[in-house]
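Read off the chains here:
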Amino acid sequence: RLSECEGLQAWLENVTFQMNTMSKEEQNRKLGGHIALLKLSSSRVAEFCASNAMQVLGGAGYTRSGKGTKVERIYREVKAYAIPGGSEEIMLNLAAGQFGFVTRRAPDPRDKIIKQLKDELKRVQSKL
């Protein structure tokens, strides 16, 4: 997994360079999907590393004192670091939309309720 870490670092440097050379509009248009996939990949590698560190330390990895202190904390918080920017599913949907893999948007369950409410509003207005 060391090669993945190095690959992520190179990818991050590439995206950073692009952000420094592009206009805001161009960044929004071109980099959203790349950044979403970068965040997703980084989160997965962090989870893998924390899990393996916990495995290496065994029972000591679960203690909040001694040798396992830092590993226990990272293992406990790795998901908390990944979620605030968007879950994996949201990042994948964002990237798929940006790269054009999805031609139509997924139906929103609220659309049906909105349509029902609009129909009811028209019916009530017609009675007035």
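Keep in mind that this is a model prediction, so the values were computed, not measured. (Residues numbered from 1 in each chain as written. Predicted model: local features only at pLDDT ≥ 70, side-chain atom pairs only at ≥ 80, totals over all residues. Heavy atoms only, no water.)

Asker: Account for the packing of helix α3 (residues 32-57) against helix α4 (residues 69-82), with residues named and values stated.
Answerer: The packing of two helices is summarised by the inter-axis angle and the distance between the axes. Where α3 contacts α4, the axes come no closer than 9 Å and their chain directions differ by 160 degrees. Of the possible angle classes, the one that applies to α3 and α4 is roughly antiparallel. Taken as a pair, α3 and α4 cross one another with a handedness that is left-handed. Residue-level contacts link Lys39, Ser43, Ala46, Glu47, Ala50, Ser51, Ala53, Met54 and Leu57 of α3 to Val71, Glu72, Ile74, Tyr75, Val78, Lys79 and Ala82 of α4. Taken together, the residues of the contact of α3 with α4 break down into ten nonpolar, two polar and four charged. (Axes fitted to C-alpha atoms, helices over the stretch in contact; angles between N-to-C directions. Helix = DSSP H or I, 4+ residues; strand = E, 2+ residues; numbered from the N terminus. Parallel < 35°, antiparallel > 145°, perpendicular 65-115°, else oblique. Left-handed = near helix turned anticlockwise from the far one by under 90°. Contact = heavy atoms within 4.5 Å. Nonpolar A, V, L, I, M, F, W, Y, C, P; charged D, E, K, R; others polar.)

Asker: Any chance you could break down α4 for me, citing the residues and the numbers?
Answerer: What sets the pattern is the α-helix's 3.6 residues per turn: residues three or four places apart point alike. Taking 1.5 Å per residue, 14 residues should reach 20 Å; α4 reaches 21 Å between its end C-alpha atoms and fits that length. Along its length, α4 reaches its greatest deviation from straightness, about 35 degrees, at arginine 76. Among the residues of α4, those classed as buried are Val71, Glu72, Glu77, Val78 and Ala82. Close packing links the buried residues of α4 with α3. (Expected span 1.5 Å × (residues − 1). Bend = angle between axes of the 7 residues up to and from the residue. Buried < 20%, exposed > 50% of the residue type's maximum accessible area, 1.4 Å probe, protein only.)

Asker: Please provide a residue-by-residue account of helix α5 (residues 88-99), values included.
Answerer: Helix length check: α5 (twelve residues) gives 16 Å between terminal C-alpha atoms against 16 Å at 1.5 Å per residue, within 8%. Within α5 the residues assigned to the buried category are Met91, Ala95 and Ala96. Angular distribution of buried residues about the axis of α5 spans 130 degrees; they occupy a single face of the element. Those residues of α5 that are exposed and angled more than 90 degrees off the buried face are Glu89 and Asn93. Where α5 ends, the next residue or the one after it, glycine 100, has phi of about 80 degrees, a positive value. (Arc of directions from axis to C-beta.)

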